[in-house]
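Results of the structural survey
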Amino acid sequence: MNANVRANVRIQSPPSQLTPMVRNRVTLKDVARRAGVSYQTVSKLLNHQIRLPEETERRIWQAVEELGYTPHYNARSLRAQRSFTIGYSWPPSPPDETNPILDQFLQSMFVAAEARGYYLLMFPYHYQVDKQLATYAELIDTGRVDGFILSSVEYNDPRIRYLQERKFPFVAFGRSNPDWHFPCIDVDGGKGLYEVTCHLIALGHRRIAALAWPENSRVGNNRLEGYLIALREANIPVNATWILRGEGRLDFGYRATHHLLNLPSQQRPTALVALNDYMAIGAMQAAQERGLRVGEDLAISGFDDIPLARYLTPPLTSLRQPIWEIGQQVIERLIDLIETGQFPEPQCQLVPPTLIVRASTDPNAKASTGSYSPSTKEVING
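Please read all numbers here as calculations on a predicted model, not as lab measurements.

1. Considering helix α7 (residues 100–115)
Along its 16 residues, α7 runs 23 Å from first to last C-alpha, staying within 8% of the 22 Å computed at 1.5 Å per residue. Looking at the buried side of α7, the elements it contacts are β1 (85–88), β2 (119–122), β3 (147–150), β4 (170–173) and α14 (323–340). Just downstream of α7, glycine 117 is the residue with a positive phi angle, here 80 degrees.

2. What about the confidence of the model for the protein?
Confidence in the prediction for the protein averages 86 pLDDT; 85% of positions are at 70 or higher. Note that residues 1–23 has pLDDT below 50 and, in this model, four contacts with residues that lie over four places away or in other chains. Considering only residues more than four positions removed or in separate chains, one finds that residues 367–382, a stretch of pLDDT under 50, has 40 contacts.

3. Focus on a nonpolar patch on the surface
A cluster of nonpolar side chains, contributed by Phe110, Val111, Met122 and Trp324, occupies part of the molecular surface with about 320 Å² of accessible area. As for its position among the elements, phenylalanine 110 is in helix α7. A relative accessible area of 34% means that phenylalanine 110 is categorised as partly exposed.

4. Quick look at the packing of helix α4 (residues 39–46) against helix α5 (residues 54–67)
Closest axis-to-axis distance for the α4/α5 pair is 11 Å, and the angle between their directions is 90 degrees. If you check the angle between α4 and α5, you find them roughly perpendicular. Where α4 approaches α5, its residues Thr41, Val42, Leu45 and Leu46 are matched on the opposing element by Glu57, Ile60, Trp61 and Val64.

5. Focus: the sheet that holds strand β8 (residues 271–274)
Read from one edge to the other, the open sheet built from four strands follows the order β7-β6-β8-β9, with strand pairing classed as parallel. A strand with exactly one partner marks an edge of an open sheet, and here the two such strands are β7 (243–245) and β9 (299–301). Strand-to-strand twist across the sheet, computed as the mean angle between neighbouring axes with direction ignored, equals 15 degrees. Together, β6 (208–212), β7 and β8 form the strand contacts of helix α11 (residues 218–233), whose direction differs from that of β6 by roughly 170 degrees.

6. Looking at the packing of aromatic side chains
What the rule picks out here adds up to 10 aromatic pairs. Ring centres of phenylalanine 84 and tyrosine 118 lie 5.2 Å apart, and the angle between their planes is 55 degrees; on these two criteria the pair is classed as tilted. In this pair, phenylalanine 84 sits in the loop between α6 (73–80) and β1 while tyrosine 118 sits in the loop between α7 and β2, placing the two residues 34 residues apart along the sequence. Judged by relative accessible area, phenylalanine 84 falls into the buried class, the value being 2%.

Rules used throughout
Per chain, residues are indexed from 1 in the order of the written sequence. It should be noted that, the model being predicted, local features are given only for residues of pLDDT at least 70 and side-chain atom pairs only at 80 or more, the latter also being counted only at that level, while totals for whole chains, interfaces and linings use all residues. Side-chain numbers come from the whole structure's heavy atoms, not from hydrogens or water. In this description a helix means any DSSP run of H or I spanning at least four residues, a strand means any run of E spanning at least two, and both kinds are numbered starting from the N terminus. Here a helix's expected span is defined as the number of its residues, less one, multiplied by 1.5 Å. Every residue pair with non-hydrogen atoms within 4.5 Å of one another is taken to be in contact. For every residue, the predictor reports its confidence as pLDDT, a number between 0 and 100. A patch consists of residues whose relative accessible area exceeds 30% and which take part in no salt bridge; residues with like charges are grouped when within 9 Å of each other, and nonpolar side chains (Val, Leu, Ile, Met, Phe, Trp, Tyr) when within 5 Å. Per-residue accessibility takes into account occlusion by the displayed protein chains alone, with areas from the Shrake-Rupley method and a 1.4 Å probe. Just to be clear on terms, a salt bridge is a Lys or Arg side-chain nitrogen sitting within 4 Å of an Asp or Glu carboxyl oxygen. Exposed residues in this analysis have more than 50% of their type's maximum accessible area, buried residues have under 20%, and partly exposed residues fall in between, with area computed by a 1.4 Å probe over protein chains only. For helices, the fitted line uses only the C-alpha atoms of the stretch in contact; every axis is such a line through C-alpha atoms, and the angle between N-to-C directions lies from 0 to 180 degrees. With respect to orientation, any angle under 35 degrees is reported as roughly parallel, any angle over 145 as roughly antiparallel, any angle of 65 to 115 as roughly perpendicular, and every other angle as oblique. Pairing between strands is defined by DSSP: at least two bridges between the two strands are required. The aromatic pairing rule takes the rings of Phe, Tyr and Trp, using the six-membered ring of Trp, and pairs them if the centres are within 6.5 Å, calling planes under 30 degrees apart stacked, those over 60 edge-to-face and the rest tilted.

Structure, rendered in structure tokens:
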């Protein structure tokens, strides 16, 4: 054997080493045969379209697991004429502030969508209305999504009108104009601010300021209304100089609180409510720089109950939104709407936040760093 032939022999390998084994794809009929049912029955169970006797469902799921069956996405989409994908876009957070509420909302939606056989498609948020609606139009016209989740909903929201005109499924986290009717879930921020303002009044405060959002903020106006109602019910005059509006950021809370503390002593607030935790944290920093004891000299409350709130000094009284539950429910409602064409009832569901009382408003409340426990109102003591 010459050298060239030997070289050729050395580089050859058995076919099994060069060509990977091709495993035949497990089909619905394979699962049905193993479980002893029709393949139509298997298909309907896997697509949540049927309920079967417990023993039958157990056999089917056991067959799915034993055979390692996974649905073929393209075939499933063609068969159902759906993409099994939900679109979602949101305004970006400021680069110097994290958004734990959004993180929780996203994770909740991911889990809920996957449980129903759907996935989320994230796409960029555009502030220009024409560009924003063009993106929605492209996703609809190309069949990329079966529906949308909307958040950061404001007055006269163009997305809502557009999707209604297209008769395309969507569910919103938030309300819009009072006379607009569409599927939504929203936190009753007004009820939350009412509760925390009543809490401050019960502690003896009469000069209560509010760090609010701009007047065109639908969410901000809803929350501020609760503060105003609580003052009126307690016969406390509303002092316009105590209501400061700005973006819900740390620096605004910091600057606004310094402004309030520069008022003459008889006009200076003894408490303030902030429409989110970041403004409240900025307010705490300003108060402490002025030598005030937060909770004793100046009571401060926030909204959202971000994880950091429990670890501040003193820990921050806040209103907790049931974000995980809302993420689950918006997905459930949207998928039901996609699959049945029926609007959910109630069409717009309001959920209350939970008041978490800590030492930033009540010095006798000692904050716990333990886990959350659900209730209408919580006072953390040890």
